[in-house]
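Structural characterization, general
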Amino acid sequence: FAHKLWYGGGFVLNLYGSSLNGFGGNIFEVGISPMVGYKILPNVSVGPRVEISYTGGKFDTRGGVAKFNGVTYGVGPFARFKPFQQLFAQVEFQYLNTPVTNGRLNGNRFETFRDSQENFFIGVGYTNPFGSLWGYEIMVLYNTLEDDATTNFPISFRVGFNYNF
């Protein structure tokens, strides 16, 4: 059983300027996304993927600094098909729960509530070993469930590492 397992994961590290309810500010985000695959065939894997990230932001309200922070988490199954040594295709269902603000201030903090979303990704990736068992991967995924009425970009780019893939 153990020799058919592989491990992988990615990371998030973002710092960017943003606007919230007309207030300019900065957002910092850090997170990880581990996954475990089981090779049901030599070139077909299935398994779970989880992700967790922390987002913190500070915004100039022209009367002080207001803060926004929260934890995003997601979980879901994936399947990978690796037809060639370095190329693979992936499908993934994801349940994602994120903190969202309505833009109202409560003291020096923005009020937040939780919002959930279901995503179904399809995409392709490139993997390359740097040693006998370790490797890196780069992937582009398209979210087929992204609503056309939102401003969310339906394409995700992921970079990560894997072991025994």
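Quick note: structure is the one above.
A brief look at the structure comes next. (Residues numbered from 1 in each chain as written. Predicted model: local features only at pLDDT ≥ 70, side-chain atom pairs only at ≥ 80, totals over all residues. Heavy atoms only, no water.)

According to the stated counting rule, one finds 4 salt bridges in the structure shown. When the shortest N-O distance is used, the salt bridge between Glu-51 and Arg-49 registers 2.8 Å. Given a relative accessible area of 21%, Glu-51 falls into the partly exposed group. The residue Glu-137 makes a salt bridge to Arg-80 at a minimum N-O spacing of 2.7 Å. One end of the pair, Glu-137, is in strand β7 (residues 134-143); the other, Arg-80, is in strand β4 (residues 65-81), and 57 residues separate them in sequence. (Salt bridge = Lys/Arg side-chain N within 4 Å of Asp/Glu carboxyl O. Buried < 20%, exposed > 50% of the residue type's maximum accessible area, 1.4 Å probe, protein only. Helix = DSSP H or I, 4+ residues; strand = E, 2+ residues; numbered from the N terminus.)

The next point concerns the nonpolar core. Looking at soluble globular proteins, one finds that nonpolar side chains tend to be buried together. Judged by nonpolar contacts, Trp-6, Met-35, Phe-78, Phe-88, Phe-121, Met-139, Leu-141 and Phe-165 together constitute the single largest core of 8 residues. Setting aside its immediate chain neighbours within four residues, Phe-121 contacts Gln-90, Val-91, Glu-92, Gln-94, Leu-141, Tyr-142, Asn-143, Ser-156 and Arg-158. Core analysis: the second largest hydrophobic core is formed by 7 residues, Phe-23, Ile-27, Ala-66 and Phe-68 among them. (Core = buried A, V, L, I, M, F, W, Y, C linked by side-chain atoms within 4.5 Å. Contact = heavy atoms within 4.5 Å.)

This next bit is on the layout of surface pockets. To find the voids left in a structure, one rolls a probe of water-molecule size over its atoms. Approximately 1500 Å³ is the volume found for the largest pocket. Lining the largest pocket are 48 residues, and of these Glu-29, Glu-51, Thr-72, Leu-96 and Thr-98 lie nearest its centre. Taken together, the elements giving at least two residues each to the lining of the largest pocket come down to β1 (5-20), β2 (23-41), β3 (44-60), β4, β5 (87-106), β6 (109-129), β7 and β8 (155-163). Counting residues per element, the lining of the largest pocket draws most heavily on β1, at 9 residues. Considering only residue class, the lining of the largest pocket consists of 20 nonpolar, 21 polar and 7 charged. Quantified by volume, the second largest pocket comes out at close to 210 Å³. If you trace the second largest pocket, you find 14 residues lining it, with Lys-82, Pro-129, Ser-132, Leu-133 and Phe-165 closest to the centre. For the lining of the second largest pocket, the secondary structure elements donating two or more residues are β6 and β7. Top element by residues in the lining of the second largest pocket is β6. It accounts for 3 residues. Considered class by class, the residues forming the lining of the second largest pocket number 4 nonpolar, 8 polar and 2 charged. (1 Å grid on protein atoms, 1.4 Å probe; cavity = no way out; pocket = protein on both sides within 12 Å on 5 of 7 lines; lining within 4 Å. Points joined across faces, edges and corners; volume = space filled by probe spheres on them. Nonpolar A, V, L, I, M, F, W, Y, C, P; charged D, E, K, R; others polar.)

Here the focus is the side chain of Glu-146. Relative to the assigned elements, Glu-146 resides in the loop between β7 and β8. The side chain of Glu-146 is buried and forms no salt bridge, while Arg-158, the nearest opposite charge, is found at 11 Å. There is a polar contact of 3.2 Å between the side chain of Glu-146 and the side chain of Thr-150. Beyond its immediate chain neighbours, meaning those up to four positions away, Glu-146 contacts Gln-117, Asn-152 and Pro-154. (Lys, Arg positive; Asp, Glu negative; His and termini not counted. Polar contact = N/O pair within 3.5 Å; in protein donor to acceptor, adjacent residues only side chain to side chain.)

As a further point, take the packing of aromatic side chains. Taken as a whole and judged by the stated rule, the model has 10 aromatic pairs. Aromatic side chains Trp-134 and Tyr-163 sit 5.0 Å apart centroid to centroid with 55° between the ring planes, which places their arrangement in the tilted category. Of the two residues, Trp-134 is situated in strand β7 and Tyr-163 in strand β8; the sequence distance between them amounts to 29 residues. Three or more aromatic residues joined by ring pairs form one cluster here, namely Trp-6, Phe-78, Phe-88 and Phe-165. A cation sits over an aromatic face here: Arg-80 above Phe-88, 4.1 Å from the ring centre. (Phe/Tyr/Trp six-rings, centres within 6.5 Å; stacked < 30°, edge-to-face > 60°. Lys NZ or Arg CZ within 6 Å of the ring centre and 35° of its normal.)

The side chains of a regular strand alternate between both faces of the sheet. Note that β1 and β2 share 16 bridges and pair antiparallel. Counterpart to Ser-18 in the pairing with β2 is Gly-25. Count of turn residues in the β1/β2 antiparallel hairpin: 2 residues, of which Asn-21 carries a positive phi of about 55°. Judged from the 4 bridges that link them, β1 and β8 form a sheet pairing that is antiparallel. Directly across from Gly-8, in β8, lies its bridge partner Asn-162. (Pairing = 2+ DSSP bridges.)

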